[in-house]
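Residue strings, one per chain:
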Amino acid sequence: MTVKAEITFMVYGQNNVGIPERRTVEISQQDFGACNSSNRNNNEQLLSWAKNLFPSAKKVLITSATRI
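No experiment lies behind these values; they were computed from the predicted model shown.

S.K.: Outline the packing of aromatic side chains, supporting the account with residue identities and numerical values.
M.R.: With the rule as written, the count across this model stands at 2 aromatic pairs. Ring centres of Phe 9 and Trp 49 lie 6.0 Å apart, and the angle between their planes is 50°; on these two criteria the pair is classed as tilted. Highlighted residues: Phe 9 in strand β1 (residues 2–12) and Trp 49 in helix α2 (residues 44–53), separated in sequence by 40 residues. A relative accessible area of 0% means that Phe 9 is categorised as buried. Aromatic pair Phe 9 and Phe 54: ring centres 5.3 Å apart, planes at 70°, arrangement edge-to-face.

Structure below.
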């Protein structure tokens, strides 16, 4: 089962300045739970997925996820 969610990311460019970005996505309930966990930025699979959303970013962190 999937969840429609608005996820807020902190996207860091080559200059190491973070810019908040929001995306509305359909993700699994398991991934939605992972986005809300305290270990979300230690989850390599989740961070790899987030980085793929912003391919030119140097680093991407997930700051929050809200079910829509």
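Further notes follow.
S.K.: Give a detailed account of the nonpolar core, specifying residues and quantitative values.
M.R.: Ile 7, Phe 9, Cys 35, Val 60 and Ile 62 are the most contacted members of the largest nonpolar core, which has 17 residues in total. Where this core is concerned, the elements lending two or more residues are β1, β2 (18–28), α1 (29–35), α2 and β3 (59–67). Element by element, the count of residues in this core is highest for β1, at 5 residues. With near-sequence residues (within four places) excluded, Ile 7 lies in contact with Glu 21, Arg 22, Arg 23, Val 25, Ile 27, Cys 35, Trp 49, Ile 62, Ser 64 and Ala 65.

S.K.: I'd like to hear about the sheet that holds β3, residue by residue, with values.
M.R.: Strand order in the open sheet formed by 3 strands is β2-β1-β3, and the pairing between neighbours is antiparallel. Two strands bound the open sheet, and with one partner strand each, they are β2 and β3. Sheet twist, expressed as the mean angle between neighbouring strand axes with direction ignored, is 25°. Both β1 and β3 contribute to a ladder of 8 bridges, which runs antiparallel. Residue pairing across strands places Ala 5 opposite Arg 67, the latter belonging to β3. Strands β1, β2 and β3 of the sheet are contacted by α2, whose axis makes an angle of about 100° with β3.

Analysis parameters
- Residues numbered from 1 in each chain as written.
- Predicted model: local features only at pLDDT ≥ 70, side-chain atom pairs only at ≥ 80, totals over all residues.
- Heavy atoms only, no water.
- Phe/Tyr/Trp six-rings, centres within 6.5 Å; stacked < 30°, edge-to-face > 60°.
- Helix = DSSP H or I, 4+ residues; strand = E, 2+ residues; numbered from the N terminus.
- Buried < 20%, exposed > 50% of the residue type's maximum accessible area, 1.4 Å probe, protein only.
- Core = buried A, V, L, I, M, F, W, Y, C linked by side-chain atoms within 4.5 Å.
- Contact = heavy atoms within 4.5 Å.
- Pairing = 2+ DSSP bridges.
- Axes fitted to C-alpha atoms, helices over the stretch in contact; angles between N-to-C directions.

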